[in-house]
Amino acid sequence: MAKHNSPRPDPTDLEKFGPRLEIEVGPPIIYDRSKVGQHALAAHRSSRMPALIDTGASRTVLTPEAIDVLDLPLVDYTTVSRAGGTDPVAVYAASILFPRDNLAPIELLQVLCCELPSQPIQCLIGRDILSRWVFAYNGQTGDWSIDDEKGLAVWVEPPEGVYDVFISHASEDKSFVEPLVSALKAADIKVWYDKDRMTWGDDLRSSIDKGLSNSRFGIVVFSKAFLKKRRWTEHELNGLFVKERDGEKVILPIRHGVTQDDLAKYSSSFVDRIAMDSSKNSVEEIVANLKSLLGQRS
Amino acid sequence: MSTAPPTRLTAELELYETNKHEWLRDHRDEFVVVKGNDPLGFYTNFHEAYSAGVAEYGIDADFLVKRVVPQEPVFVVF
């Protein structure tokens, strides 16, 4: 079984919040057998939400609010036993995807509709889904992992905001980036950077999404190689721009062998953006600059 | 919503209760699909049953998919 461990500042986060992962819930995905290939019978409307893995739930549960939004098809009624007694509940058909990791999608399952009072989540992943996985919980280190039936995916959830900075770069620039990462780490700055993942693919995309959503800033190393690799670098940039919607600047551009005009041509968003320049600013200056920003916003 | 008595699929549930004894004899542990007053058929698992219902009634329709068992299960959620 593959194993992946993410840095975690406080091992008690797992004890406090439990094992959570992001899911995408929607109506069942049913394919039209009359057509060649796989054609879903309906457009997939869905909603992303955090879900808590709950070994105390024999079935997967969604709140009435989540079901109303998704307009899921009703298929049955059943009875649920909870601490307060037993309740009749509706049973809906749904699909659950795992957009941030590589677990096999569940295209059809029955979900129970229950209120989840005092819980800031809308879904409990129950033992019906757990029966498909190997689920490992390490309370001593604060890590947990899932391995699905394909044996492909293990994901350990980093808590929100665990990284100070995400580094977006082209693999051709590692001779500049790796010393920068070392200097950032030496300055006690938590860095999302994995040189082994810097080839494009689904795994990388989910890794980037995790890095973006769990980082306070994004350093983007703009180089000629970066500007050519529009396919994945645009995905990263879009994710960073989403984080800037509240007006706070989180993208920290570094020009590496390109001019400000090159940058402006790549994206008009950078026309007025002050960028550091690897030919003028030392790694130490870049680290000091970021350290100062982190101090201002801590 | 979750604790309210059934307000949809009532005709289907009535049909199930009416025929349960007979269906238990011939289709125990299978999944029956019912829409209105007509059972569509019996299937060995939920996926087959639901897919057959979608093929017959469409992706957006409500229809009953119920396992034919002598005692209704109670699911625990803690």
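Quantities reported herein were computed from a predicted structural model and do not represent experimental measurements.

Caption draft 1: Geometry of the overall build of chain B. Helices and strands together make up the secondary structure of chain B, namely 2 helices and 4 strands. Start at the N end of chain B and walk to the C end: the helices and strands fall as α-β-β-α-β-β. Counting all 78 residues of chain B, 22% fall into the buried class. Taking as baseline every contact in chain B between residues at least 6 positions apart, the subset at least 24 positions apart corresponds to 43%.

Caption draft 2: Broad picture of the interface of chain B and chain A. Contacts between the two partners involve 25 residues from chain B and, on the opposite side, 34 residues from chain A. Sorting the residues of the side of chain B that touches chain A by element identifies α2 (46–57), β3 (64–67) and β4 (74–76) of chain B as the ones contributing at least two each. Broken down by element, the residue count for the side of chain B that touches chain A peaks at 5 residues, all from α2(B). For the side of chain B that touches chain A, a count of residues per class yields 16 nonpolar, 4 polar and 5 charged. Of the pairings in the sheet, the one linking strand β4 (residues 74–82) of chain A to β4(B) comprises 3 bridges and is parallel in character. Within β4(B), the residue paired with V80(A) across the bridge is F75(B).

Caption draft 3: Quick look at the confidence of the model for chain A. Residues and elements named next belong to chain A. Chain-level statistics for chain A give a pLDDT mean of 76 and a share of 70% at 70 or above. Scored below 50 in pLDDT, residues 1–7 makes 16 contacts in the model with residues more than four places away or belonging to other chains. Contacts of residues 151–160 to residues separated by more than four positions or lying in other chains number 36 contacts, the stretch itself having pLDDT below 50.

Caption draft 4: Highlighting the nonpolar core. Formed by 51 residues in total, the largest nonpolar core has its most connected members in V61(A), Y92(A), L112(A) and C123(A). Residue contributions to this core peak at 7 residues, all from strand β5 (residues 85–97) of chain A. With residues up to four places along the chain from it excluded, the contact list for L112(A) reads R59(A), V61(A), T78(A), V80(A), V89(A), V91(A) and F75(B). Among the nonpolar cores identified, the runner-up in size contains 24 residues, and Y163(A), F226(A), I251(A) and L263(A) belong to it.

Caption draft 5: Examining the sheet that holds strand β1 (residues 31–35) of chain B more closely. All names here are of chain B. Read from one edge of the open sheet, 3 strands run β2-β1-β3, paired in antiparallel fashion. In this open sheet, the two edge strands, each paired with only one partner strand, are β2 (38–43) and β3. Sheet twist, expressed as the average angle between the axes of neighbouring strands with direction ignored, equals 25 degrees. Here β1 runs beside β2; their pairing, made up of 5 bridges, is antiparallel. In the sheet register, K35 faces β2, and the bridge partner there is D38. Here helix α1 (residues 10–27) sits on the sheet in contact with β1, β2 and β3, set at roughly 150 degrees to β1. Contacts between α2 and the sheet are confined to β1, β2 and β3, with β2 contributing the most and set at about 145 degrees to the helix.

Caption draft 6: Structural view of unusual backbone geometry. For D188(A), which is not a glycine, the phi torsion comes out positive at approximately 65 degrees. Tracing the backbone shows D188(A) in the loop between α4 (174–186) and β11 (191–192). Taking the C-beta count within 10 Å as the criterion, D188(A) has 9 such neighbours and is therefore assigned exposed. For L9(B), which is not a glycine, the phi torsion comes out positive at approximately 65 degrees.

Caption draft 7: Quick peek at the sheet that holds strand β13 (residues 251–255) of chain A. Residue and element names in this part refer to chain A. The 5 strands lie next to each other as β11-β10-β12-β13-β14, forming an open sheet whose pairing is parallel. At either margin of the open sheet sits one strand with a lone partner, and together these are β11 and β14 (276–277). With 5 bridges joining them, strand β10 (residues 163–168) and strand β12 (residues 215–222) adopt parallel strand pairing. Considered in β12, the bridge of Y163 is made with S215.

Caption draft 8: Fine view of the confidence of the model for chain B. Residue and element names in this part refer to chain B. Per-chain confidence: chain B averages 88 in pLDDT, with 92% of residues scoring 70 or above. The element-level mean pLDDT for chain B is lowest in β4, coming to 88, with β1 highest at 96. Confidence metrics for the complex model read pTM 0.58 and ipTM 0.91.

Caption draft 9: Molecular detail of α1(B). Residues and elements named next belong to chain B. Its 18 residues give α1 an end-to-end C-alpha distance of only 22 Å, which falls more than 12% under 26 Å, the value for a rise of 1.5 Å per residue. Approximately 65 degrees is the largest bend angle found in α1, and it occurs at K20. Among the residues trailing α1, D29 stands out with phi positive, at a value near 70 degrees.

Caption draft 10: Molecular detail of the pairing of strand β6 (residues 106–113) of chain A. Residue and element names in this part refer to chain A. Examined bridge by bridge, strand β3 (residues 61–62) and β6 share 2 bridges and lie parallel to one another. Counterpart to V61 in the pairing with β6 is L112. The pairing of β5 with β6 spans 5 bridges and is antiparallel. In the strand pairing of β6, V91 is matched with L112.

Thresholds applied
- Residues numbered from 1 in each chain as written.
- Chains lettered and ligands numbered in written order.
- Predicted model: local features only at pLDDT ≥ 70, side-chain atom pairs only at ≥ 80, totals over all residues.
- Helix = DSSP H or I, 4+ residues; strand = E, 2+ residues; numbered from the N terminus.
- Buried ≥ 20, exposed ≤ 12 C-beta atoms within 10 Å, placed from the backbone.
- Contact = placed C-beta atoms within 7 Å.
- Nonpolar A, V, L, I, M, F, W, Y, C, P; charged D, E, K, R; others polar.
- Pairing = 2+ DSSP bridges.
- pLDDT = per-residue confidence, 0-100.
- Core = buried A, V, L, I, M, F, W, Y, C linked by C-beta atoms within 7 Å.
- Axes fitted to C-alpha atoms, helices over the stretch in contact; angles between N-to-C directions.
- Expected span 1.5 Å × (residues − 1).
- Bend = angle between axes of the 7 residues up to and from the residue.

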